[in-house]
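# Coordinate inspection notes
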Amino acid sequence: MTSFNNQESNELTPREIVRELDKYVIGQRNAKKSVAIALRNRWRRLQVSPSLREEIMPNNIIMIGPTGVGKTEIARRLARLSNAPFIKVEASKFTEVGYVGRDVESIIRDLTEYSVNMVKAERRVEVNDKAKALCEERILDLLLPPIRRKTPIAVGDAATTPQEDETSNTREKFRKKLREGSLDDRVIEMELPATNTPLMQVIGPMNMEEMGINMQELFGNLMPKKTKQRKLTIAEARVILTNEEAQKLIDHDAAIKDAIHRVENSGIVFLDEIDKIAGNKGQMGGPDVSREGVQRDLLPIVEGSNVTTKYGMVKTDHVLFIASGAFHVSKPSDLIPELQGRFPIRVELRSLTEDDFVKILTVPENALIKQYTALIKTEGITVHFTDDGIREVAKIASEANELVENIGARRLHTIMTTLLEEILYDAPDKIQSINITVDSELVKAKLADIVKDRDLSRYIL
Ligand SMILES: Nc1ncnc2c1ncn2[C@@H]1O[C@H](COP(=O)(O)OP(=O)(O)OP(=O)(O)O)[C@@H](O)[C@H]1O
Ligand SMILES: [Mg+2]
């Protein structure tokens, strides 16, 4: 079995984490530092003695800031670079137990599902070479069914018969062709499991699935496994058989154990829109009752409890929760005290400025300008954005945010699509030049009128 520690051994330091986040998220230094410390603390926790380890609680965080300034982006990148099971849920999606809606425990079940898929995908890569080799043998068996020996070989007779020599020669010839891919289109016939009918899913009441009980798995195994003779090309068979062999090679029980361990020790739950379930203390009754109910439901999983999943019990004590919200109307102090206590770290993210927009457009590895340049390049056209052109886009973005509504960096998306619409539309058949320069003149020409007209910008930008 692989050690649980293989992912922790190359754990990043807080500085390295911030540096990694810097590649995608501009500014928001405080938020980055907080999440980096929280992440590192989980690794630290795993290094201390087991008795103390259980006492160390995660540094749950509330990120407070206006829309579109990088809250979700930070959490998502954090999960990706730490290779942690990650789930993002909207707190407002949940309702009190007993009401219609998702119960909060499903968060942990979904996270576990994610982790299982993640671990299995990793295992799949590990066994891939072996699975490919086994698949090759199976295809060769299908192409050249092994011949039965007519007479049993006498004991001690090690030499092969000429007949055997010949078949193994042919087998090697076929193997070579197979590897070259020259047999890919040849059709072979093989037994395949017949596809399961989804009949079973209809029977259970809706919540069966919620409770983590899969009817298909419960009863599916009781049914005789049906197989079907099918014709398919070698290329298709290779995919199916490699997969089949890989499934056999993976130790599924160990994978599940590892997946649960991962959820319990490095899982991250991102609770978006937490402000929406923070009741305004002044106005009682009405929807606030149920908001507080959701908070009370969340409490046990944030505090630490056991959740039943179809893979077994999952302890949530050390799952990291990162909550986020704009908190325009409510404040973190409007949350019930127990929940507040469970989110000891508060970080504020600030509104983005024109300078930030310039960087967001150009610096991140997935920066919009890079994305669009690459997209248009596929049509054989090189777009070049001049510095003053980029500055103009940023300026217009921040003006539109002030004028219409502050939607943060999301504004850049709407502006870029408006700016490039014509090029994107005409590129394949109308544009002759292979070089286009986008400078401030061009940006102004395309966008100035829209920005000046409030009504127009409300709809377009
Ligand atoms: N600081 C930033 N640096 C780089 N890109 C950013 C930044 N802030 C936002 N973006 C980009 O803007 C988009 C929206 O950001 P994100 O989803 O993080 O917003 P949010 O803060 O979670 O907002 P909301 O409160 O509406 O959920 C993303 O595509 C993201 O890449
Ligand atoms: Mg968000």
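This one's a predicted model, so the numbers in the text were calculated from it and none came from an experiment. The written sequence of each chain sets the order in which its residues are numbered from 1. Labels follow written order: the first chain is A, the first ligand is 1, and so on. In keeping with the predicted nature of the model, local features appear solely for residues at pLDDT of at least 70, side-chain atom pairs appear and are counted solely at 80 or more, and the whole-chain, interface and lining totals rest on all residues.

### Considerations on the site of ligand 1
Nearness between a residue and a molecule or strand is assessed with a C-beta atom placed from the backbone; a distance within 6 Å qualifies. Lining the immediate environment of ligand 1, one finds 18 residues, of which T67, G70, K71, T72 and A409 sit closest. Secondary structure elements are taken from DSSP: a helix is a run of H or I of four residues or more, a strand is a run of E of two residues or more, and numbering for both begins at the N terminus. Among the elements that take part in the shell around ligand 1, helix α4 (residues 71–82) stands out by supplying three residues, more than any other. Throughout, the ten residues Ala, Val, Leu, Ile, Met, Phe, Trp, Tyr, Cys and Pro are labelled nonpolar, Asp, Glu, Lys and Arg are labelled charged, and all others, Gly among them, are labelled polar. Along the lines of polarity and charge, the residues of the shell around ligand 1 split into seven nonpolar, seven polar and four charged.

### Let's talk about the environment of L142
With respect to the helices and strands, L142 occurs in helix α6 (residues 128–143). For the exposure call, what matters is how many other C-beta atoms sit within 10 Å of a residue's own: 20 or more marks it buried, 12 or fewer exposed, and in between partly exposed, using C-beta atoms placed from the backbone. Judged by local crowding, L142 falls into the partly exposed class, with 14 C-beta atoms found within 10 Å. Along the sequence, L142 and M190 sit 48 residues apart, while their C-alpha atoms lie 7.8 Å from each other.

### So, the environment of K226
Locating K226 in the fold gives a position in the loop between α9 (215–220) and β4 (227–233). Spatially, the C-alpha atoms of K226 and L192 are 8.5 Å apart, while their sequence positions differ by 34 residues. Here, residue contact means that the backbone-derived C-beta atoms of the two residues sit within 7 Å. The contact partners of K226, leaving out residues within four places of it in the chain, are P193 and A194.

### Quick word on the nonpolar core
Joining buried Ala, Val, Leu, Ile, Met, Phe, Trp, Tyr and Cys residues through C-beta atoms within 7 Å gives a set, and that set is a nonpolar core. Counting residues in each nonpolar core, the largest one holds 78 residues, and the members touching the most others are V35, V269, I322, L361 and V393. Considering each element in turn, this core owes the most residues, six residues, to helix α16 (residues 387–403). Excluding residues within four positions of it along the chain, I322 makes contact with V35, I61, M63, A75, I268 and F270. One finds A131, C135, I139 and A246 within the second-largest nonpolar core, a separate group that totals seven residues.

### Some points on the sheet that holds strand β1 (residues 61–64)
The pairing criterion is simple: DSSP has to find at least two bridges between the two strands. Pairing is parallel in the open sheet, where five strands are placed in the order β2-β5-β8-β1-β9. Every other strand in the sheet has two partners, leaving β2 (86–90) and β9 (345–348) as the edge strands with one partner each. Each neighbouring strand pair of the sheet contributes to a mean axis angle of 20°, computed without reference to strand direction. Note that β1 and β9 share four bridges and pair parallel. Across the sheet, residue I61 finds its bridge partner in β9, namely I345. For helices, the fitted line uses only the C-alpha atoms of the stretch in contact; every axis is such a line through C-alpha atoms, and the angle between N-to-C directions lies from 0 to 180 degrees. Of the strands in this sheet, β1, β8 (320–325) and β9 are in contact with helix α2 (residues 29–47), which crosses β9 at around 150°.

### Side note on the pairing of strand β5 (residues 268–272)
Across the five residues of β5, five count as buried, placing the element largely inside the fold. Burial along β5 is two-sided: the face carrying I268, F270 and D272 and the face carrying V269 and L271 are both buried. In this sheet, β5 lies alongside β2 in parallel orientation, the contact comprising five bridges. Across the sheet, residue K88 finds its bridge partner in β5, namely F270.

### Some details on the confidence of the model for the protein chain
Confidence scores per residue from the predictor, reported as pLDDT, run from 0 to 100. Per-residue confidence for the protein chain averages 83 on the pLDDT scale, and 81% of its residues sit at or above 70. Low pLDDT, under 50, characterises residues 1–9; the predicted model gives this stretch six contacts beyond four residues in sequence or across chains. With pLDDT under 50 throughout, residues 197–206 is counted as low confidence; its partners more than four residues away or in other chains account for nine contacts.

### A closer look at unusual backbone geometry
Among all residues except glycine, the phi angle is most often negative; among peptide bonds, the trans geometry is most common. Positive phi values are uncommon outside glycine, yet E273 reaches one of about 55°. Along the chain, the position of E273 falls in the loop between β5 and α12 (287–303). A positive phi angle, near 50°, is found at F327, a position not held by glycine.

### Focus on helix α10 (residues 234–249)
The span one expects for a helix is its residue count, reduced by one, times 1.5 Å. The first and last C-alpha atoms of α10 sit 22 Å apart over 16 residues, in line with the 22 Å expected at 1.5 Å per residue. In this fold, the buried residues of α10 make contact with α5 (105–126), α6, β3 (187–193) and β4.

### A look at the packing of α16 against helix α18 (residues 440–452)
Across the interface, α16 lies against α18 with an axial gap of 8 Å and an inter-helix angle of 15°. Taken as axis vectors, α16 and α18 run roughly parallel relative to one another. As α16 packs across α18, the resulting crossing turns out to be right-handed. Counted together, D388, G389, R391, E392, V393, I396, E399 and A400 of α16 and S440, L442, V443, K444, L447 and V451 of α18 form the full contact between these two elements. Reported orientations rely on four angle classes, namely roughly parallel under 35 degrees, roughly antiparallel over 145, roughly perpendicular from 65 to 115, and oblique for the rest. Left-handed describes a crossing whose near helix is turned anticlockwise from the far helix through less than a right angle; right-handed describes the clockwise counterpart.

### Let's talk about the packing of helix α1 (residues 14–22) against α4
Across the interface, α1 lies against α4 with an axial gap of 10 Å and an inter-helix angle of 120°. Considering their axes alone, α1 and α4 lie oblique with respect to each other. Considering how the two elements wind past one another, α1 and α4 form a crossing that is right-handed. Taken together, the residues of α4 that come into contact with α1 (itself represented by I17, E20 and L21) are I74, R77, L78 and L81. Grouping the amino acids of the contact of α1 with α4 by side-chain chemistry returns five nonpolar, no polar and two charged.

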